[in-house]
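# Understanding the architecture of this molecule
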Amino acid sequence: MHLECFQLTLSGKAGLLELARPEKLNVLDEQALDELEDLLNHLQGEGVKAVVLTGQGRAFAAGADVKAMAEMDPEAARAFSLKGNRIFQQMEDHPAVFIAAINGYALGGGLELALACDLRLASSKAVFAQPEIGLGIIPGFGGTQRLPRLIGPTRAKEWIFSGRRYTAQEALDAGLVLEVLEPEELLPRAQALAQELAAKSGPILALAKRAVNASVGLKAASGQGEAELFGECFTHEDAREGLQAFLEKRTPVFQDK
Ligand code: COA
């Protein structure tokens, strides 16, 4: 498989999947989403049981590609959101257990990718946010659906409405991550956990995952609704302003339009 955005290393029935464009802070563009979809199919075909997902460099993933989004009309934005939702849902429905090893920035779509994983470990240097509000848009890869389920609606609203950044300790306190580790301990710990889980029965592990997901309604059927609203953001001048302001490295001036 030809990969440009990811690197995959398999070790028995455990895998290490790295976002491999550190110079782009591992942004999630169409190509990254396509590769992720291919990888999910490949991992299933190989019978991989546990996968560590991490980012190379200083970011886990700095979100969806703002440059691409700045050019999207409402229909393209809706389609982009639907695609992200569909692929992240595939991760959630996948028989393998995904462990996010959050090494640095997990922002916007990057955080949403971590939310679609089953377990999350964080480096003490990790930074968490759904900063979309500052760009004049809303989360579009399932964040409005999964974050409330994981940390409760009140906290999720605070995160999504404010766009604020949170530390690894705050993410731990919110119940979003299992453990905070020193940066050099993050991958060894995540990989040890993956090996431990890969020693279990694959089909039974997959059934356990399905059962727990069913109990918390983690079937983001409402991803469809999120994509509609994400697309609607792009009918507003404030979305143009917010996205453009990021690219021009200035503070946006929203007009409530
Ligand atoms: N989409 C597109 N490009 C992005 C990006 C994104 N989500 N995040 C970072 N980049 C680009 C920057 O534009 C910059 O490009 P340039 O070198 O061509 O100017 C490069 O990556 C490095 O980022 P920079 O902002 O210079 O690094 P920094 O250390 O000052 O800040 C971040 C790092 C992650 C805090 C900052 O890049 C950021 O806020 N990114 C956007 C996060 C975001 O809003 N994500 C949600 C999108 S849904």
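Further up the page is the structure itself.
Now for a description of the structure that goes with this document. In this convention, every chain numbers its residues from 1, walking through the sequence in written order. Per-residue local features of the predicted model are confined to residues with pLDDT of at least 70, and side-chain atom pairs are confined, for both listing and counting, to 80 or more; whole-chain, interface and lining totals are unaffected and use all residues. Excluded from the side-chain calculations are hydrogens and water; all other atoms, namely the structure's heavy atoms, are used.

With that settled, consider the layout of surface pockets. Here a cavity denotes grid points, spaced 1 Å and computed from the protein atoms alone, that fit a 1.4 Å probe unable to get out, and a pocket denotes an open set having protein on both sides within 12 Å along at least 5 of 7 lines; residues with an atom within 4 Å of a point are the lining. Grid points are joined across faces, edges and corners, and a volume is the space filled by probe spheres set on the points. The space that makes up the largest pocket amounts to roughly 830 Å³. Taken together, 37 residues form the lining of the largest pocket, with Ala62, Val66, Leu107, Leu135 and Phe246 sitting closest to its centre. Counting from the N terminus, the helices are the DSSP runs of H or I reaching at least four residues and the strands are the DSSP runs of E reaching at least two. Secondary structure elements with two or more residues in the lining of the largest pocket: helix 2 (66–69), strand 6 (105–107), helix 4 (109–115) and helix 11 (237–247). No other element matches helix 11, which puts four residues into the lining of the largest pocket. By residue class, the composition of the lining of the largest pocket is 21 nonpolar, eight polar and eight charged. Classes in brief: Ala, Val, Leu, Ile, Met, Phe, Trp, Tyr, Cys and Pro nonpolar; Asp, Glu, Lys and Arg charged; the others, Gly included, polar.

In this structure, Leu25 takes a positive phi of about 50° despite not being glycine. If you trace the backbone, Leu25 turns up in the loop between strand 2 (14–19) and helix 1 (30–45). A positive phi angle is found at Lys249, which is not glycine, with a value near 55°. Looking at the secondary structure, you find Lys249 in the segment after helix 11.

Let us look at the pairing of strand 1 (residues 6–11). Two strands qualify as a pair provided that DSSP identifies no fewer than 2 bridges between them. Direction of pairing for strand 1 relative to strand 2: antiparallel, over a ladder of six bridges. What sits directly across from Ser11, in strand 2, is Ala14. Once strand 1 ends, the chain turns through two residues before running back antiparallel as strand 2, passing Gly12 with a positive phi of about 65°.

Limitation: the analysis is restricted to geometry and does not speak to function.
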